[in-house]
Amino acid sequence: MFLVFLWLLVWGAMFSGPWYVNSPRFLADPLVFFQGARAFLPLAAICLCLLWILAKRPKHLFRGNAMRFLGAYCLTGILTSLFLSMEIGTSLYWAGLYLSPLLVTWCAFEEAEAKAGIKRLIYVNYAVFFAITTSLLPESLRVGWGNTPLNQQYRLPLGVGSILTNGAGRFALVVIIVSTVRMITQTRKWRWLWLLVLLPALFLLTQTQSRTALLGLAVSIVLFVLMRGVDWRFLFVGPAAAGIIFVSGIKWRVHGNLSRLILLSGREATWERGLAQIKDSPFLGWGFH
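1. Observations regarding the overall build of the protein chain
No. 1: Tallying secondary structure elements over the protein chain gives 11 helices and two strands in all.
No. 2: The secondary structure elements of the protein chain, listed N-terminal to C-terminal, are α-α-α-α-α-α-β-β-α-α-α-α-α.
No. 3: Within the protein chain, buried positions represent 37% of all 289 residues.
No. 4: A separation of at least 24 residues holds for 68% of the contacts in the protein chain among residues at least 6 apart in sequence.
No. 5: Carbon and sulfur atoms make up 70% of the accessible area of the protein chain, which totals about 17,400 Å².

Here it is, written out as structure tokens:
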């Protein structure tokens, strides 16, 4: 349960940030105070992980796996944030947000039953994705069907934040993948209850017109077929997914003009500026943020 608690702390800063602390209403408005306080929950996870490290004194730093590389990258980013960043405090904050899941995952790897610990963290991820997707459904019903503006923002309940259409589509995609795989692979009759979350998530994904989420839906189906082989149930899943991709991605998003699918939505200007900054510091970068 300690790992689950740490992982929930890592998730705790979603849709928040340190900018709430700088608000003049930080101490006067309970909601602003709540938003600002939970922005630092991942940093609290780091402190608890460091205490765990001092208490357990693990022998194998990251056990020579990919975590070692990610840890080294994070250390480079922190040092660069200290010496090169123009916003040291902001950079170190985002470095902490990057470091917190690495340290919690390290704690999970160091457990006697590492596989069971990682599995619990994955289930927490599933629960968070399901909760966020479900909380967006009232907002999606308010937006309606087929007329979603590309810059639409979905408001989360209780005023805890908002999320753009692309983000909402990706949350819905994870729910679709998990629920579909469980419904196909399980044998019990209650597996059909997955439809209660699958169908609303499909509605939300279609509404967002998110190209990355729709591409992810197509790729995940192809990969699942390659891994599991052809199944008669795919006769229903395949056409349904193809219909969603056609209606949302081609008919609504680009109005049948396939050449518009590769438009970069202004990203090329951002990339151009990013490349110019990379040339000024090609090896160490400028720190986080």
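2. Quick word on the confidence of the model for the protein chain
No. 1: With 86% of its residues at a pLDDT of at least 70, the protein chain reaches an overall mean of 83.
No. 2: Ranking the helices and strands of the protein chain by mean pLDDT puts helix α1 (residues 2-11) first, with 93, and helix α10 (residues 234-252) last, with 68.

3. Some details on the packing of aromatic side chains
No. 1: Under the defined criterion, the tally for this structure stands at 12 aromatic pairs.
No. 2: Between the aromatic rings of Tyr-93 and Trp-94, the centroid separation amounts to 5.4 Å while the plane-to-plane angle is 80°, which identifies the pairing as edge-to-face.
No. 3: Looking at Tyr-93, the relative accessible area reads 6%, which means it is buried.
No. 4: Exposure remark for Trp-94: the relative accessible area of 29% places this residue in the partly exposed category.
No. 5: Chaining the aromatic ring pairs together yields one cluster made of Trp-11, Phe-15, Phe-129 and Phe-171.

4. Concerning the packing of helix α3 (residues 41-56) against helix α5 (residues 88-109)
No. 1: Two elements in contact, α3 and α5, have axes separated by 8 Å at closest approach and are oriented at 45°. On the basis of their axis angle, the class for α3 and α5 is oblique. Both α3 and α5 take part in a crossing whose hand is left-handed. Side by side, α3 and α5 meet where Pro-42, Leu-43, Ala-45, Ile-46, Cys-49, Leu-50, Trp-52 and Ile-53 of the first sit next to Tyr-93, Gly-96, Leu-97, Leu-99, Ser-100, Leu-103, Val-104, Trp-106 and Cys-107 of the second.

5. Observations concerning the pattern of salt bridges
No. 1: Summed over all chains, the structure comprises three salt bridges.
No. 2: Ionic pairing is found between Glu-139 and Arg-142, a salt bridge with its closest N-O pair at 2.7 Å. Linking Glu-139 with Arg-142, this pair stays in helix α6 (residues 114-143), spanning three residues, or about one helical turn.
No. 3: Take Arg-142: its relative accessible area is 49%, and that puts it in the partly exposed class.
No. 4: Here Glu-139 and Arg-155 are joined by a salt bridge, their closest N and O atoms 4.0 Å apart. Separated by 16 residues along the polypeptide, Glu-139 in helix α6 and Arg-155 in strand β1 (residues 153-155) bring together distant segments of the chain.
No. 5: Given a relative accessible area of 8%, Glu-139 falls into the buried group.
No. 6: By sharing partners, the salt bridges in this structure join Glu-139, Arg-142 and Arg-155 into a single network.

Definitions and limits used
Residues numbered from 1 in each chain as written. Predicted model: local features only at pLDDT ≥ 70, side-chain atom pairs only at ≥ 80, totals over all residues. Heavy atoms only, no water. Helix = DSSP H or I, 4+ residues; strand = E, 2+ residues; numbered from the N terminus. Buried < 20%, exposed > 50% of the residue type's maximum accessible area, 1.4 Å probe, protein only. Contact = heavy atoms within 4.5 Å. Areas by Shrake-Rupley, 256 points an atom, 1.4 Å probe, with all protein chains shown as cover. pLDDT = per-residue confidence, 0-100. Phe/Tyr/Trp six-rings, centres within 6.5 Å; stacked < 30°, edge-to-face > 60°. Axes fitted to C-alpha atoms, helices over the stretch in contact; angles between N-to-C directions. Parallel < 35°, antiparallel > 145°, perpendicular 65-115°, else oblique. Left-handed = near helix turned anticlockwise from the far one by under 90°. Salt bridge = Lys/Arg side-chain N within 4 Å of Asp/Glu carboxyl O.

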